[in-house]
Amino acid sequence: MSTPGVHLHIRHNQVIMDNGIVQVTLSKPDGIVIGVRYNGVDNLLEICNQESNRGYWDLVWNAPGSKGIFDVIKGTCFNVIVENEEQVELSFVRTWDFSLEGKYVPLNIDKRFIMLRGSSGFYSYAIYDHLADWPSFEIGETRITFKLRKDKFHYMAIADDRQRKMPLPDDRLPGRCQTLAYPEAVLLVNPVDPELRGEVDDKYQYSCNNKDIQVHGWISSDPAIGFWQITPSDEFRSGGPLKQSLTSHVGPTTLAIFLSAHYAGKDLVPKFGPGEPWKKVFGPVFIYLNSASARDDPRFLWEDAKIQMMNEVERWPYNFPASEDFPKSHQRGNVRGRLLVQDRYVSNDYISAKRAYVGLAPPGDAGSWQRECKGYQFWTQADNDGYFSINNVRSGDYNLYAWVPGFIGDYRHDNIITISSGLDHDMGDLVYEPPREGATLWEIGIPDRSAAEFYVPDPDASYINRLYVHHPDRFRQYGLWSRYGELYPEKDLVYTIGVSDHTKDWFFAQVPRRKQDGSHEGTTWQIKFNLSYVERSKSHKLRIAIASATLAELQVRVNDPKARRPLFTSGLIGRDNSIARHGIQGLYWLFNVNVPGTLLNEGENTIFLTQPRCDSPFQGLMYDYLRLEGP
């Protein structure tokens with residue numbers, strides 16, 4: 001028996017896509033999703049909300065120097081792009097002209113919605129277009145938001161080990177919660193479900209790295225229905241594979257984040273100057289709906305959603321979007337090769353760049369990809385022998401970038417790679433020489449751009465999220481920054497090479513200490529080590545890789561903590577806010593400090609690491625890795 005075709009019903013102020021499995025109702029010409037009918041439920045979206053607050057594209061933008069403006073994107077012109085029994089594609093366009101300056105972001109925005117025959121869901125993508133003679137502007141964030149029915153969707157899943165029954169939005173209202181250090185975090189004091197009393201809810205506890213945001217969503221148990229947001233490609237996301245974004249959170253809300261400054265700050269806010277044309281396609285993403293019988297465990301829906309996600313990844317790039325701005329597979333190119341590492345202090349032979357992250361991003365300096373936020377990026381992980389393949393790359397000019405777990409620094413292939421339709425590039429063997437000037441005298445941590453291997457304390461028992469008890473992501477518990485002052489109430493951390501253990505004795509973040517009067521003070525950590533011999537005429541090299549920084553400063557002194565001028569200072573760096581938002585990394589920094597032999601002793605030495613900024617408890621550093629090299 002053949003599946004029904006796709007039908008389109010156009011009314012005065014609504015348009016309905018219906019394929020016999022799912023029915024999606026959009027406002028016309030706004031292009032707001034006001035209803036999703038599935039499996040006998042008239043509407044999976046929150047019917048108590050206004051129609052404009054159910055399923056929508058939005059952005060935050062500003063003119064240079066002005067405040068951000070939140071904008072739910074509403075079309076002014078509706079068009080049917082494709083209509084047949086196999087597919088419907090709808091367009092909701094908002095055009096810009098100079099009469100709208102200051103009122104709307106200077107972009108032409110074309111929102112598209114697609115439904116296919118036999119598909120249990122629908123797709124959405126958008127084309128943003130800024131013409132060369134239009135005004136300057138910045139975009140702080142853009143995304144798709146879906147707000148689901150709170151009477152049905154109570155169970156959230158974002159990973160195999162990150163899923164749980166969630167609080168209700170009512171639990172965040174006055175009388176039911178207590179706001180904590182910032183508005184997003186609340187302590188549930190009188191939740192509707194008494195089992196949740198004493199837990200912390202904070203949407204940032206459910207952030208994920210870009211590379212891991214492929215499927216997430218919600219499950220209703222009555223009836224058993226899943227609502228899933230599937231992102232089959234990262235090509236339109238900024239900041240690379242470790243950039244973190246929001247996923248799903250209390251609402252029940254599910255998000256597709258395309259641009260945001262979270263865990264990075266203003267470095268990842270695209271800024272467009274006068275005379276700068278720009279066009280970018282965000283998406284498509286797939287909204288997938290599934291159901292189970294009353295006899296099945298509703299969590300089966302998560303397993304099915306993962307299978308559907310893999311199917312969508314296999315089909316990428318889709319061949320059905322009608323816009324010429326979305327290139328199909330035959331219009332794209334591929335790049336392959338092998339990455340090797342040459343570090344003669346580790347091995348005389350080349351070392352395979354095992355599980356290296358290898359990517360194509362717009363041309364720039366080594367490491368510039370993590371702050372790049374206007375173009376497209378294409379990332380993969382090499383295999384254990386360093387072989388990589390980057391497929392389905394849009395036409396254009398790129399640099400090839402990489403970083404290798406276990407080694408510091410960033411690789412960039414110097415030659416621009418021009419991708420054109422249907423062409424394959426075989427790069428052959430590429431060699432990365434990580435920063436190195438001498439043998440390792442000592443090291444702390446693992447160079448993997450994360451502070452997760454260091455000591456992450458248990459949270460205060462009064463501020464628990466039960467999901468993260470005995471969990472690999474224990475760093476996502478609320479308030480861990482405050483535990484430093486409890487562990488080190490008067491004296492700061494001292495780490496002794498050869499004695500201390502970085503998993504137990506190196507706190508995951510160097511944060512200010514809270515004093516009895518409620519103010520904060522900067523902290524100075526010590527690394528104690530012995531040298532049997534020092535060449536006074538030569539320098540040692542101290543490598544400090546930072547996993548995250550938030551309005552912080554790193555000062556380095558050697559053997560004299562009171563030296564008026566530090567040997568090195570980073571100056572004020574970072575706006576990641578990873579400490580407050582339960583991240584374990586943000587933007588990566590690598591500092592290479594020359595330590596003159598005249599400052600070192602034969603015998604005991606101490607390096608002092610000071611973070612003096614202390615206007616907020618969230619100012620601080622997360623270290624990735626530290627190493628001292630001999631001359």
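Residues numbered from 1 in each chain as written. Predicted model: local features only at pLDDT ≥ 70, side-chain atom pairs only at ≥ 80, totals over all residues. Heavy atoms only, no water.

Quick notes on the overall build of the protein chain
For step 1, the next point in the chain: From N to C terminus, the protein chain includes three helices and 45 strands.
For step 2, the next point in the chain: Taking 631 residues into account, the globule formula puts the C-alpha radius of gyration at 25 Å, and the protein chain, at 26 Å, falls close to it.
For step 3, the next point in the chain: The dimensions of the protein chain, computed from C-alpha atoms along their principal axes, are 85 × 60 × 55 Å.
For step 4, the next point in the chain: For the protein chain, the proportion of its 631 residues judged to be buried stands at 58%.
For step 5, the next point in the chain: When the accessible surface of the protein chain is totalled, it reaches about 25,800 Å², and 47% of it is carbon and sulfur. (Helix = DSSP H or I, 4+ residues; strand = E, 2+ residues; numbered from the N terminus. Rg over C-alpha atoms; globule rule 2.2 N^0.38 Å. Buried < 20%, exposed > 50% of the residue type's maximum accessible area, 1.4 Å probe, protein only. Areas by Shrake-Rupley, 256 points an atom, 1.4 Å probe, with all protein chains shown as cover.)

Overview of the sheet that holds strand E35 (residues 494-496)
For step 1, the next point in the chain: Ordered by their spatial adjacency, five strands build an open sheet running E35-E38-E44-E40-E41, and the pairing between neighbours is mixed. Of all the strands in the sheet, the pair left with one neighbour each is E35 and strand E41 (568-569).
For step 2, the next point in the chain: One ladder, built from two bridges, connects strand E40 (residues 555-558) with E41; its direction is antiparallel. Bridge pairing in E41 places Gln-555 opposite Thr-569. (Pairing = 2+ DSSP bridges.)

A short note on the side chain of Ser-207
For step 1, the next point in the chain: Tracing the sequence through the fold places Ser-207 in the loop between strand E16 (200-201) and strand E17 (208-209).
For step 2, the next point in the chain: From its side chain, Ser-207 meets the backbone oxygen of Tyr-204 in a polar contact 3.1 Å long.
For step 3, the next point in the chain: Those residues in contact with Ser-207 that sit more than four places away from it in its chain are Arg-162, Gln-244, Ser-245, Leu-246, Tyr-263 and Arg-476. (Polar contact = N/O pair within 3.5 Å; in protein donor to acceptor, adjacent residues only side chain to side chain. Contact = heavy atoms within 4.5 Å.)

Looking at the sheet that holds strand E14 (residues 177-179)
For step 1, the next point in the chain: Reading across from one edge, E14-E15-E16 is the order of the three strands in this open sheet, with antiparallel pairing throughout. This sheet does not close on itself; its edge strands, each paired only once, are E14 and E16.
For step 2, the next point in the chain: The pairing of strand E15 (residues 186-188) with E16 spans two bridges and is antiparallel. Its bridge partner being in E16, Leu-187 is matched across the sheet by Val-200.

Overview of the pattern of salt bridges
For step 1, the next point in the chain: In this structure the tally under the stated criterion is 39 salt bridges.
For step 2, the next point in the chain: In this structure, Asp-212 and Lys-211 form a salt bridge, with 3.3 Å as the shortest nitrogen-oxygen distance.
For step 3, the next point in the chain: Accessibility expressed as a relative area gives 41% for Asp-212, which makes it partly exposed.
For step 4, the next point in the chain: For Lys-211, a relative accessible area of 30% puts it in the partly exposed group.
For step 5, the next point in the chain: The shortest N-O distance in the salt bridge between Arg-543 and Glu-629 comes to 2.9 Å. (Salt bridge = Lys/Arg side-chain N within 4 Å of Asp/Glu carboxyl O.)

Looking at the domain arrangement of the protein chain
For step 1, the next point in the chain: We note that the domain assignment places domain 1 (7-154 + 205-315), domain 2 (329-432) and domain 3 (440-629) within the protein chain.
For step 2, the next point in the chain: Once you take the C-alpha centre of each, domain 2 and domain 3 turn out to be 31 Å apart.
For step 3, the next point in the chain: Across the boundary between the two partners, domain 2 contributes 11 residues, which contact 10 residues of domain 3.
For step 4, the next point in the chain: Considering only the surface of domain 2 that becomes buried against domain 3, Gln-370, Arg-371 and Ile-408 emerge as the three largest contributors, covering 58% of it.
For step 5, the next point in the chain: Of the charged contacts in the structure, one is a salt bridge between Asp-410 and Arg-449, with a shortest N-O distance of 3.0 Å. (Domains from an automatic or database assignment. Buried area = accessible area lost by both parts, 1.4 Å probe.)

A look at the pairing of strand E43 (residues 589-596)
For step 1, the next point in the chain: The two faces of E43 differ: Trp-589, Phe-591, Val-593 and Val-595 on one face are buried, but Leu-590, Asn-592, Asn-594 and Pro-596 on the other face are not.
For step 2, the next point in the chain: For strand E39 (residues 539-552) and E43, the ladder comprises eight bridges, and the chain directions are antiparallel. When the sheet's bridge partners are listed, Ala-545 is paired in E43 with Leu-590.

With respect to the nonpolar core
For step 1, the next point in the chain: Grouped together as the largest cluster of nonpolar side chains are 165 residues, with contacts concentrated most on Met-17, Tyr-128, Leu-400, Trp-506, Leu-554, Leu-609 and Tyr-623.
For step 2, the next point in the chain: Among the elements that line this core, the one with the most residues is strand E24 (residues 278-291), at eight residues. (Core = buried A, V, L, I, M, F, W, Y, C linked by side-chain atoms within 4.5 Å.)

Some details on the packing of aromatic side chains
For step 1, the next point in the chain: Enumeration over the complete set of coordinates arrives at 48 aromatic pairs.
For step 2, the next point in the chain: Taking 5.1 Å as the distance between ring centres and 15° as the angle between the ring planes, the aromatic pair formed by Trp-57 and Phe-258 counts as stacked. With Trp-57 in strand E5 (residues 55-62) and Phe-258 in strand E22 (residues 253-260), this residue pair connects regions lying 201 residues apart in the sequence. Summarising the burial analysis for this pair, Trp-57 and Phe-258 share the class buried.
For step 3, the next point in the chain: Between Tyr-495 and Trp-506, the aromatic rings sit 5.5 Å apart at their centres with planes inclined by 80°, giving edge-to-face as the arrangement. With Tyr-495 in strand E35 and Trp-506 in the loop between helix H3 (502-505) and strand E36 (513-514), this pair connects stretches of sequence that are 11 residues apart.
For step 4, the next point in the chain: Owing to a relative accessible area of 4%, Tyr-495 belongs among the buried residues under this scheme. (Phe/Tyr/Trp six-rings, centres within 6.5 Å; stacked < 30°, edge-to-face > 60°.)

Considering the side chain of Asp-58
For step 1, the next point in the chain: On the secondary structure map, Asp-58 appears in strand E5.
For step 2, the next point in the chain: By relative accessible area, Asp-58 is classed as buried at 0%.
For step 3, the next point in the chain: Beyond its immediate sequence surroundings of up to four residues, Asp-58 is in contact with Phe-70, Asp-71, Val-72, Ile-73, Tyr-128, Glu-141, Thr-142, Arg-143 and Thr-145.

A few points about helix H1 (residues 300-315)
For step 1, the next point in the chain: A rise of 1.5 Å per residue sets the reference length of H1, with its 16 residues, at 22 Å; its end C-alpha atoms lie 23 Å apart and thus fit the reference within 8%.
For step 2, the next point in the chain: Of the positions making up H1, those classed as buried are Leu-301, Trp-302, Asp-304, Ala-305, Lys-306, Gln-308, Met-309 and Glu-312.
For step 3, the next point in the chain: Those residues of H1 that are buried lie in contact with strand E10 (121-130), strand E12 (153-159), strand E13 (162-165), strand E18 (215-221), strand E19 (224-230) and E24. (Expected span 1.5 Å × (residues − 1).)

Some thoughts on the environment of Met-115
For step 1, the next point in the chain: Structurally, Met-115 can be placed in strand E9 (residues 108-116).
For step 2, the next point in the chain: Classification of Met-115 by relative accessible area gives buried; the value is 0%.

Here we look at the pairing of strand E8 (residues 87-94)
For step 1, the next point in the chain: Extensive coverage of E8 is indicated by the burial of eight of its eight residues.
For step 2, the next point in the chain: The alternating pattern of E8 places Gln-87, Glu-89, Ser-91 and Val-93 and Val-88, Leu-90, Phe-92 and Arg-94 on opposite faces, both of which are buried.
For step 3, the next point in the chain: The sheet contact formed by strand E7 (residues 77-83) and E8 spans six bridges and is antiparallel. Residue pairing for E8: Phe-78 is matched across the bridge by Phe-92.
For step 4, the next point in the chain: The hairpin formed by E7 and E8 contains three residues between the paired strands.
For step 5, the next point in the chain: In this sheet, E9 lies alongside E8 in antiparallel orientation, the contact comprising eight bridges. Across the sheet, residue Arg-94 finds its bridge partner in E9, namely Ile-109.

Comments concerning unusual backbone geometry
For step 1, the next point in the chain: Cis peptide bonds are those with omega within 30 degrees of zero, and the linkage from Lys-28 to Pro-29 qualifies with 10°.
For step 2, the next point in the chain: Following the sequence through the fold, Pro-29 ends up in the loop between strand E3 (22-27) and strand E4 (33-38).
For step 3, the next point in the chain: Backbone torsion omega between Trp-316 and Pro-317 reads -5°, so that peptide bond is classified as cis.
For step 4, the next point in the chain: Along the chain, Pro-317 falls in the loop between H1 and strand E25 (333-341).
For step 5, the next point in the chain: Of note in this structure, Asn-577 is not a glycine but carries a positive phi near 60°.
For step 6, the next point in the chain: Positionally, Asn-577 belongs in the loop between strand E42 (573-575) and E43.
For step 7, the next point in the chain: Its relative accessible area of 23% is what places Asn-577 among the partly exposed residues.
For step 8, the next point in the chain: Phi at His-582 is positive, roughly 60°, even though this residue is not glycine.
For step 9, the next point in the chain: Position of His-582 relative to the elements: it lies in the loop between E42 and E43.

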